[in-house]
Amino acid sequence: MPLWTGRFKKQLDKKTNDFNSSISFDSRMARQDITGSVAHATMLGKQGIIEKSESEKIVATLKDIAADLESGKLEIDMTAEDIHTFVEGELTKRIGDSGKRLHTARSRNDQVALDLRLYLLEETDKIDAALKDFIDVILKKAEENHDAVMPGYTHLQRAQPVTFGHHLMAYASMLLRDRDRLSDCKKRMAVSPLGSGALAGTTYPLDREYSAKLLGLSGVCSNSLDGVSDRDYVVELLSCLSLVMVHLSRFAEEMVMWCSWEFKFIELDDAFSTGSSIMPQKKNPDIAELVRGKSGRVFGSLMTLLTVMKGLPLAYNKDMQEDKEVTFDAVDTVLICVDTFSAMLETAKVLRNNMRSAAAKGFINATDCADYLVKKGLPFRDAYKAVGQLVAFCIENGYTLETLPQEEYKKVCELFDEGVFEAIDLDNCVKGRAVKGGPAPQCVLEEIENAKKLNV
Ligand code: ARG
């Protein structure tokens, strides 16, 4: 039975009922719905809006219902209109008229707004914990590879030498910001809409702060119309999650490249790669590709909710029921992506020698070679040109800067002497980049130490 009988002479058309119902997806908020009701009923009792004894009976029975759902003794009736209807119906089934008093001074509009806040606060914590673990894996790998020289790229062209540890730490920085954003987002999420009623508050003497406090929330929504209409906190969360997926997706793209034969910088563990049904030699990075692909779902969720909300008049409109499926999907997707990616990275083998030989081939020490001339007094622009000529000569004649004979250096610029080979040595090039945040192994270790302090 729906909650809104009385005015109606007919039951809702069967197909329309299915169309209208949200229980198939909002049943996952059962626990939060009960928690919210417990706080509401406790507050009603304290304020004398319902008898204390009735409040206690409601609270005890709600707790029984939660326990029975948890143990599997009670199953959710999937024909109910939504989870709120089901819980209230079950309560009334168990304690009769007392159950019918629970909804005093409350509407499903403030109830659902509360449930979603409570649910998403928990999910945000889960995602945050997963990100923390993921960052720990990155930090460990970065520490192991803080001195593994690899080419750094711009335009996907070998540019200047970095270390694998340094490269990984770029992702640690992004993910630490993601954690920071999530915690900021929680501040606006942890606010209670209870007491907003359907839209216009209530005539009962509620203690809104009290029920908020019982729920561990930091305050109450300051306007009842906004309290039931606001889904900003969901949009914010989906924006944060979209950025998490942007970061994962870029990382995934690099993993895919790095395990190609063209790069061979890493080798994925067999447990995190797949084969081909026809090509026996294949070992595919499907997991990384799926993470990259699933970013689309999360961005889609954000776009869906923005579009649902953008033209809605105040206050509650049923359109807003569309907030849940996409948000739940986004939350689930991010959680599984972070966990799987983390395990994939942890078990991946880093092929340091291949990274190093790639770094040795692409003239990535050309800037250091020019800097060497600058230190000898040549203006940078002239030094740049001289090294450009050397690189062209090397390419035509099959040399690298390391293998080019010294006399060839001299022909281009008199200032070159045997010291150039030390200046362009890859380890020295990396060590020299010792600016804060730079790739020098020492700097990477410092960066890791700082990140460890932040990743708590
Ligand atoms: N299932 C609804 C939702 O998710 C609950 C609120 C129903 N309120 C109403 N006025 N019909 O939004």
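From a predicted model like this one, the values you see are computed outputs, not experimental measurements.

1. Quick notes on a nonpolar patch on the surface
At step 1: Taken together, the side chains of Leu199, Leu225 and Leu314 define a hydrophobic patch exposed on the protein surface, amounting to about 270 Å² of accessible area.
At step 2: By secondary structure assignment, the location of Leu225 is in helix H10 (residues 224-229).

2. Some thoughts on the pattern of salt bridges
At step 1: Inspection of every chain in the model, using the stated rule, returns 35 salt bridges.
At step 2: For the salt bridge of Lys452 with Glu143, the shortest nitrogen-to-oxygen distance reads 3.3 Å. Residue Lys452 is found in helix H20 (residues 441-454), and its partner Glu143 is found in helix H7 (residues 108-144); the two are separated by 309 residues along the sequence.
At step 3: Its salt-bridge partner being Glu449, residue Lys452 comes within 3.4 Å of it at the nearest N-O pair. Of this pair, Lys452 and Glu449 both sit in helix H20, 3 residues apart, which is roughly one turn of that helix.
At step 4: The exposure class of Lys452 is partly exposed, given its relative accessible area of 35%.
At step 5: Each of the salt bridges in this network shares a partner with another, and the network as a whole consists of Asp68, Glu90, Lys93 and Arg94.

3. Re helix H11 (residues 232-258)
At step 1: In this model H11 runs 39 Å from its N-terminal to its C-terminal C-alpha over 27 residues, within 8% of the 39 Å that 1.5 Å per residue would give.
At step 2: By the criterion of burial, H11 is predominantly enclosed, with 20 of the 27 residues buried.

4. Focus: the site of the ligand
At step 1: Looking at the ligand, the residues that line it are Ser22, Asp26, Asp82, His84, Arg108, Asn109, Val112, Tyr316, Gln321 and Lys324.
At step 2: The side chain of Ser22 places a nitrogen or oxygen atom 3.0 Å from a nitrogen atom of the ligand.
At step 3: Lys324 places a polar side-chain atom, nitrogen or oxygen, 2.5 Å from an oxygen atom of the ligand.
At step 4: Notes on the ligand: free accessible area 340 Å², of which the protein chains cover 86%.
At step 5: The dominant element in the shell around the ligand, judged by the number of residues it contributes, is H7, at 3 residues.
At step 6: Broken down by class, the residue content of the shell around the ligand amounts to 2 nonpolar, 4 polar and 4 charged.

Thresholds, definitions, all that
- Residues numbered from 1 in each chain as written.
- Predicted model: local features only at pLDDT ≥ 70, side-chain atom pairs only at ≥ 80, totals over all residues.
- Heavy atoms only, no water.
- Patch = residues over 30% accessible without salt bridge, like charges linked within 9 Å, V, L, I, M, F, W, Y side chains within 5 Å.
- Areas by Shrake-Rupley, 256 points an atom, 1.4 Å probe, with all protein chains shown as cover.
- Salt bridge = Lys/Arg side-chain N within 4 Å of Asp/Glu carboxyl O.
- Helix = DSSP H or I, 4+ residues; strand = E, 2+ residues; numbered from the N terminus.
- Buried < 20%, exposed > 50% of the residue type's maximum accessible area, 1.4 Å probe, protein only.
- Expected span 1.5 Å × (residues − 1).
- Near = heavy atom within 4 Å.
- Polar contact = N/O pair within 3.5 Å; in protein donor to acceptor, adjacent residues only side chain to side chain.
- Nonpolar A, V, L, I, M, F, W, Y, C, P; charged D, E, K, R; others polar.

What is shown is where atoms sit, not what they do.
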